[in-house]
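# Survey of secondary and tertiary structure
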Amino acid sequence: MLEVEGLTKSFGMGSNKLQVLKGIDMEMKTGELVALMGPSGCGKSTLLNIIGGLLPGDGGKITLKARDYGLKGPSSVVDVRRDLVGWIFQDFHLLNHLSAMDNVAMALELSGIESKEAEIRAAEALNKVGLGDRMHHIPEQLSGGQQQRVAIARAIAGNRPLLLADEPTGNLDIASGKDVLQLFKDLCHDEENPISILMVTHDPELASNADRMLLLTDGKTKASDIRSAWGLDDLEGEEE
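Residues numbered from 1 in each chain as written. Predicted model: local features only at pLDDT ≥ 70, side-chain atom pairs only at ≥ 80, totals over all residues. Heavy atoms only, no water.

### A short note on the sheet that holds strand E1 (residues 2-11)
The criterion, for reference: Should DSSP find at least two bridges between two strands, the strands are regarded as paired. Think of it this way: any DSSP run of H or I at least four residues long counts as a helix, any run of E at least two long counts as a strand, and we number them from the N terminus. Note on definitions: angles span 0 to 180 degrees between N-to-C directions of axes, and those axes are lines fitted to C-alpha atoms, for helices only across the stretch in contact. It only takes one pair of heavy atoms within 4.5 Å for two residues to be counted as in contact.
With respect to topology, four strands assemble into an open sheet ordered E2-E1-E4-E5, the strand pairing being antiparallel. Of all strands in the sheet, those with a lone pairing partner are strand E2 (18-28) and strand E5 (67-69), marking the two edges. With strand direction ignored, the average angle separating the axes of adjacent strands in the sheet is 20°. Across three bridges, strand E4 (residues 59-64) lies against E5 in antiparallel orientation. Bridged to Leu64 within E5 is Arg67. On top of the sheet, helix H1 (residues 44-51) reaches E1, E2, E4 and E5; it is set at about 120° to E1, its chief contact.

Here you go:
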């Protein structure tokens, strides 16, 4: 469903040049929840931004549902953002004066969907995330966990096959974070319309409950488990 081949990205020029991604190779299947971990500043958000069409890479290729891209700027991959990739952030990015329904519907209308159809899709998405009885509440009438559910509804309402989640539980308490994780798993494992979610997180419990973990370190990704992601094996080796 998603394949990333040899993706590279640097920032700066000359002696100040910093190579962040040094040849990323990874793939995801439909219906997978994959946790991406790594130390701060290792390039996790950069990788998400390139996959999401917000930033061009320097080399390599991304294939998402038969669409090849990765090296061109945001203006050349509008269709990727509109049709293929949804975003969920640590901050909910909701408009405070709009209801949950209108926050979701407006995003659909901005992507070119007629307003009546946008309302129908928004209602379906909000029901799917368990907010059928909160559609007409504004953000300040919702808990943090409920606000993140509105943001998730907004991301899934466009029927995009891939969601990119950047620290999606960073502003939530433990219980709300677990609820969001369960919702992600339900969305990925939906028999009728499974989606794939690539989730950047620092939360070891969240990561260990994903279908699979990737560790981004030294500019490359590798399969991982929670022990090696946190360097526990290395520490035990030093103690011995």
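### Examining unusual backbone geometry
Trans peptide bonds make up the majority, and among non-glycine residues the majority have a negative phi. Although it is not a glycine, Ala66 sits at a positive phi angle of roughly 70°. Summarising the element assignment, Ala66 is placed in the loop between E4 and E5. Unusually for a residue other than glycine, Asn159 sits at a positive phi of about 55°. Mapping Asn159 onto the fold places it in the loop between helix H5 (144-156) and strand E7 (162-166).

### Remarks on the packing of aromatic side chains
Heads up, the condition is: Think of it this way: a Phe, Tyr or Trp ring, Trp meaning its six-membered ring, pairs with another when their centres are within 6.5 Å, and the plane angle makes it stacked under 30 degrees, edge-to-face over 60, tilted otherwise. Using a 1.4 Å probe on the protein chains alone, a residue whose accessible area is under 20% of its type maximum counts as buried, one over 50% counts as exposed, and one in between counts as partly exposed.
One pass over the full model with this rule turns up one aromatic pair. Ring centres of Trp87 and Phe89 lie 5.2 Å apart, and the angle between their planes is 0°; on these two criteria the pair is classed as stacked. The exposure class of Trp87 is buried, given its relative accessible area of 15%.

### Considering helix H3 (residues 100-110)
Of the positions making up H3, those classed as buried are Ala100, Met101, Asn103, Val104, Ala105 and Leu108. Contact partners of the buried residues in H3: helix H4 (115-128) and H5. Directly after H3, the chain includes Gly112, whose backbone phi takes a positive value near 105°.

### Re the nonpolar core
Note the following rule: Among buried residues, those of type Ala, Val, Leu, Ile, Met, Phe, Trp, Tyr and Cys that are joined through side-chain atoms within 4.5 Å constitute a nonpolar core.
Counting residues in hydrophobic clusters, the biggest one holds 44 residues, and the most contacted among them are Leu126, Ile152, Phe184, Ile197 and Met199. Per element, the largest residue contribution to this core is six residues, and it comes from helix H6 (residues 174-188). If we ignore the near neighbours within four places in the chain, the residues touching Met199 are Leu33, Val34, Ala35, Leu36, Ala165, Pro168, Leu181, Phe184 and Leu206. Counting 29 residues, the second-largest nonpolar core is a separate cluster that includes Leu7, Met28, Val80 and Val200.

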